[in-house]
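An overview of the molecular structure
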Amino acid sequence: MNNKISSTHLERRAVVYLRQSTPTQVEFNRESTERQYALADRALTLGWDKSQIEVLDSDLGKSGQTTTGREDFHRLMAAVGLGEVGAVLALEASRFSRSQADWHKLLDICALTDTLVIDHDGIYDPNDFNDRVILGFKGTWSHTELHGMRLRLQGAKLNKAKKGELRCSPPTGYVYDPEGKLVLDPDEGVVAAIQLAFQKFRELRTAFKVMRYFCVNQIPFPRRRWRPGDIGTLHWGPANLSRITALLHNPTHLLF
């Protein structure tokens with residue numbers, strides 16, 4: 001057993017916190033998910049009884065940039081604040097939060113309740129100066145890493161745009177042909193629905209009335225999905241105000 005782990009810590013729960021930023025990452029980056037679940041085994045080897053190990057995985061597929069909608073993170077903070085947790089485990093600092101404010105708030109509460117922080121690198125006591133410096137650096141690095149990722153992605157997009165090779169998800173009513181050119185959707189039903197929406201807007205003058213017309217008359221509205229694993233699949237469903245507004249505001253639809 002590590003000398004930082006006392007009997008007091010082992011008497012309380014060890015909570016394993018899992019998070020990945022998007023549902024796509026959860027689906028296609030399963031190795032990361034498996035590594036996070038494996039932290040429960042690490043808690044077991046560190047001395048916690050299996051009945052005292054709790055895994056929180058409801059935040060899988062949710063961004064760490066905010067705590068909004070992350071119920072497990074709030075549950076973790078509450079349990080730590082009540083002194084019910086001996087250690088919190090995560091693969092790395094970014095799993096807890098991508099926000100430095102939220103990260104340091106968690107560290108402050110852990111320090112007050114003598115709760116250890118454990119990741120794949122080591123075991124840290126937030127009340128120990130050296131450990132607190134390392135934990136602070138990990139939070140800063142996580143934030144810096146996110147900023148760097150944004151810059152790289154934006155730079156790649158700008159470079160493609162300069163070469164005329166940037167391809168974004170086409171708006172409803174359009175698809176890319178084999179040569180990469182934006183053309184009208186080959187499905188006549190899709191084109192007819194878009195034309196009807198513009199026709200009704202010219203008559204009714206508001207997006208809300210257009211939406212209501214489609215809903216009252218039970219006319220389905222088309223949408224093609226372009227996410228990984230569902231590229232270009234056509235779906236029909238009820239019209240809503242955001243989709244009608246996006247349709248009317250998109251300059252690409254001038255052809256209609």
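The text that follows walks through the structure, step by step, so that each part is easy to find. Keep in mind it's a predicted model, so treat the numbers as computed, not measured. (Residues numbered from 1 in each chain as written. Predicted model: local features only at pLDDT ≥ 70, side-chain atom pairs only at ≥ 80, totals over all residues. Heavy atoms only, no water.)

Looking at unusual backbone geometry
Most peptide bonds adopt trans geometry, and most residues besides glycine take a negative phi value. Filter applied, for reference: The secondary structure listing takes helices from DSSP runs of H or I that are at least 4 residues long and strands from runs of E that are at least 2 residues long, numbered from the N terminus.
Phi angles above zero are rare outside glycine, and Arg205 is one such case at about 75 degrees. Here Arg205 is to be found in the loop between helix H9 (188-204) and helix H10 (207-216). At Gln218, a residue that is not glycine, the phi angle is positive and equals roughly 55 degrees. Of note, Gln218 is situated in the loop between H10 and strand S8 (221-225).

A closer look at the nonpolar core
Heads up, the condition is: In plain words, nonpolar cores are sets of buried Ala, Val, Leu, Ile, Met, Phe, Trp, Tyr and Cys residues tied together by side-chain atoms within 4.5 Å. Residue exposure (1.4 Å probe, protein chains only): buried if accessible area is under 20% of the type maximum, exposed if over 50%, otherwise partly exposed.
Ranked by size, the top nonpolar core spans 20 residues in total, and within it Leu76, Val88, Phe96, Trp103 and Val117 carry the most contacts. Mapped by element, the contributors of at least two residues to this core are strand S1 (13-17), helix H5 (71-81), strand S3 (85-89), helix H6 (93-96) and helix H7 (100-112). Tallying contributions element by element places H5 first for this core, with 5 residues. Within the second largest apolar cluster, 17 residues are counted, among which are Ala40, Leu89, Leu116 and Ile123.

Considerations on the side chain of Asp59
Applied cut-off: Polar contact is defined as a pair of N or O atoms within 3.5 Å, subject to the rule that within protein one atom must be able to donate a hydrogen and the other to accept it, and that residues adjacent in sequence are counted only when both atoms are side-chain atoms.
Along the chain, the position of Asp59 falls in the loop between strand S2 (53-56) and H5. Of note is the side chain of Asp59, whose polar atom sits 3.4 Å from the backbone nitrogen of Glu71. In this structure the side chain of Asp59 is engaged in a polar contact, spanning 3.0 Å, whose partner is the backbone nitrogen of Phe73.

Considering the pattern of salt bridges
The condition that has to hold: By definition, a salt bridge exists where a carboxyl oxygen of Asp or Glu is found within 4 Å of a side-chain nitrogen of Lys or Arg.
For the coordinates displayed, the defined rule picks out 11 salt bridges. Here Glu84 and Arg13 are joined by a salt bridge, their closest N and O atoms 2.7 Å apart. Within this pair, whereas Glu84 is found in the loop between H5 and S3, its partner Arg13 is found in strand S1, the two being separated by 71 residues in sequence. According to the relative accessible area criterion, Glu84 is partly exposed, its value standing at 36%. Among the residues examined, Arg13 registers a relative accessible area of 23% and is labelled partly exposed. A salt bridge links Lys200 to Glu203; the nearest nitrogen and oxygen atoms lie 3.2 Å apart. Here Glu203 and Lys200 lie together in helix H9, a separation of 3 residues that amounts to about one turn. The exposure class of Lys200 is buried, given its relative accessible area of 13%.

Side note on the pairing of S3
The cut-off we apply is this: Two strands make a pair as long as DSSP finds a minimum of two bridges between them.
With 5 of 5 residues buried, S3 is to be regarded as a mostly interior element. Alignment of S1 against S3, held across 4 bridges, turns out to be parallel. Looking at the pairing, Ala14 lines up with Ala87 of S3. Here S3 pairs with strand S4 (residues 116-118) via 3 bridges, running parallel. Residue pairing in the sheet places Ala87 in a bridge with Leu116 of S4.

A closer look at the packing of H10 against helix H11 (residues 241-249)
Selection criterion: Angular values range over 0 to 180 degrees, each being the angle between N-to-C directions of two axes fitted as lines to C-alpha atoms, with helices fitted over their stretch in contact. Throughout, the term roughly parallel applies to angles under 35 degrees, roughly antiparallel to angles over 145, roughly perpendicular to angles from 65 to 115, and oblique to all others. Whether a crossing is left-handed or right-handed is set by the direction in which the near helix is turned from the far one by less than a right angle, anticlockwise for left-handed and clockwise for right-handed. Pairs of residues are marked as contacts when any of their non-hydrogen atoms sit within 4.5 Å.
The contact between H10 and H11 brings their axes to 9 Å, and the two run at 125 degrees. As far as their axial angle goes, H11 and H10 are oblique. Crossing angle aside, the handedness with which H10 passes H11 is right-handed. Side by side, H10 and H11 meet where Ala207, Phe208, Val210 and Met211 of the first sit next to Leu241, Ile244, Thr245 and Leu248 of the second.

Some words on the pairing of S1
In terms of burial, S1 is largely enclosed, as 4 of its 5 residues are buried. Here 4 bridges tie S1 to S2, and the two strands are oriented parallel to one another. For Ala14, the partnering residue across the bridge sits in S2 and is Ile53.

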